[in-house]
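Reading the structure
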Amino acid sequence: MTVIAIDGTFASGKGTLARRLSVHYELPHLDTGKLYRAAAKIVLDNAGNFDDIEACTKAARDVKADCLDDPVLKSGPVGAAASKIAVHPEVREALLDFQREFAAGGAVMDGRDIGTVICPDADVKLFIDAKPEERAARRHAELTGYGEKITFETVLEQLKERDHRDAYRAEAPLKIATDAHLIDTTNLSIERAFVAAVKVIDAVLAVKTAKH
Ligand code: C5P
């Protein structure tokens, strides 16, 4: 069962890459950010507080597979709320089984802690990153495409805040697994990032197959 772990920064292109890789390798794909977004949405809908660990943990336990297709999960405010709920170890614990069960049959998993915490034995680990200004430009284009009215400067500021929260939280912070392969997409098109990723994955899988 092949597991491909794709971690990386916000708007680095990891989601698009993960979807393409899942088609290419015929593996199911889980965007684990959606779990945190869905939990955060439940708290927002209940007018809850992100410092209320009990309410946040209950929301995480209430996340089910059919919550994950709601288009509102993609919005900027829900994403920012997701990074607030994600700091609580109890919330992360509540979402662990869902992710491990999904990965058990082989999968492409994308998130922040897949290679480090969720699937430390993944067959291949990629870490996707790009310069903040490039990521902010991509995210700005995406949000204005959805009709959100927001300036590039605000998107950049929010992105830096989110990077900081994800990298410095005590529990499962965003970091590069020691055995992950870094792909910087700053100057890569989606297609070139995909080609670069397939090259790395095929090389790693070939070595594994040769060993067995
Ligand atoms: O990837 P996405 O932007 O949808 O993730 C939203 C937030 O959820 C991230 O900023 C991060 O705080 C959190 N997250 C996480 N661990 C994951 C996936 C997402 O902490 N595996």
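Remember, it's a predicted structure, so these values are computed and weren't measured experimentally. (Residues numbered from 1 in each chain as written. Predicted model: local features only at pLDDT ≥ 70, side-chain atom pairs only at ≥ 80, totals over all residues. Heavy atoms only, no water.)

**Digging into the overall build of the chain**
- Looking only at helices and strands, the chain has 10 helices and five strands in total.
- Rg of the C-alpha trace for the chain: 17 Å, near the compact-globule value of 17 Å for 212 residues, within the 12% margin.
- The principal-axis extent of the C-alpha atoms belonging to the chain is close to 55 × 35 × 30 Å.
- Looking at the chain residue by residue over its 212 residues, the buried ones come to 45%.
- Taking contacts inside the chain between residues at least 6 apart in sequence as the whole, the part at least 24 apart equals 78%.
- Only carbon and sulfur atoms are counted for the fraction: they give 55% of the accessible area of the chain, which is about 10800 Å².
- Computed over 29 positive and 34 negative side-chain charges, the inter-centroid distance for the chain is 3 Å. (Helix = DSSP H or I, 4+ residues; strand = E, 2+ residues; numbered from the N terminus. Rg over C-alpha atoms; globule rule 2.2 N^0.38 Å. Buried < 20%, exposed > 50% of the residue type's maximum accessible area, 1.4 Å probe, protein only. Contact = heavy atoms within 4.5 Å. Areas by Shrake-Rupley, 256 points an atom, 1.4 Å probe, with all protein chains shown as cover. Lys, Arg positive; Asp, Glu negative; His and termini not counted. Charge placed at Lys NZ, Arg CZ, Asp CG, Glu CD.)

**Here's the deal with the site of the ligand**
- Around the ligand, the structure places 16 residues, and the nearest of them are R37, R92, R112, R162 and D166.
- Within the side chain of R162, an N or O atom sits 2.8 Å from an oxygen atom of the ligand.
- A distance of 2.9 Å is found between an oxygen atom of the ligand and a side-chain nitrogen or oxygen belonging to R169.
- Taking 450 Å² as the accessible area of the ligand by itself, protein coverage stands at 97%.
- Sorting the residues of the shell around the ligand by element identifies α2 (33–45), α4 (76–85) and α9 (152–168) as the ones contributing at least two each.
- Considering each element in turn, the shell around the ligand owes the most residues, three residues, to α2.
- When its residues are assigned to classes, the shell around the ligand shows four nonpolar, four polar and eight charged. (Near = heavy atom within 4 Å. Polar contact = N/O pair within 3.5 Å; in protein donor to acceptor, adjacent residues only side chain to side chain. Nonpolar A, V, L, I, M, F, W, Y, C, P; charged D, E, K, R; others polar.)

**Description of the pattern of salt bridges**
- Tallying each qualifying case throughout the model produces 14 salt bridges.
- A salt bridge links D166 to R169, with the shortest nitrogen-to-oxygen separation between them at 3.5 Å. Across the pair, exposure class does not vary: D166 and R169 are buried alike.
- A cluster of three or more residues bridged by salt bridges with shared partners is formed by K41, D45 and D70. (Salt bridge = Lys/Arg side-chain N within 4 Å of Asp/Glu carboxyl O.)

**Side note on the confidence of the model for the chain**
- Residues with a pLDDT of 70 or more make up 100% of the chain, whose mean pLDDT is 95.
- Mean pLDDT across the elements of the chain bottoms out in α4 (92) and peaks in helix α3 (residues 53–61) (98). (pLDDT = per-residue confidence, 0-100.)

**Concerning unusual backbone geometry**
- The phi dihedral of A47 falls on the positive side, at around 55°, and the residue is not glycine.
- With respect to the element layout, A47 can be found in the loop between α2 and α3.
- In this model, A172 sits at a positive phi of 45°, which is unusual for a non-glycine residue.
- Its place among the elements puts A172 in the loop between α9 and β5 (181–184).

**Some details on a negative patch on the surface**
- Residues E90, E93, D97, E101 and E171 make up a contiguous surface patch of negative charge.
- Looking at the negative patch, the elements that each hand over two or more residues are α5 (89–94) and α6 (96–104).
- Considering the arrangement of structural elements, one finds E90 in helix α5.
- E90 sits in the partly exposed class, given a relative accessible area of 36%. (Patch = residues over 30% accessible without salt bridge, like charges linked within 9 Å, V, L, I, M, F, W, Y side chains within 5 Å.)

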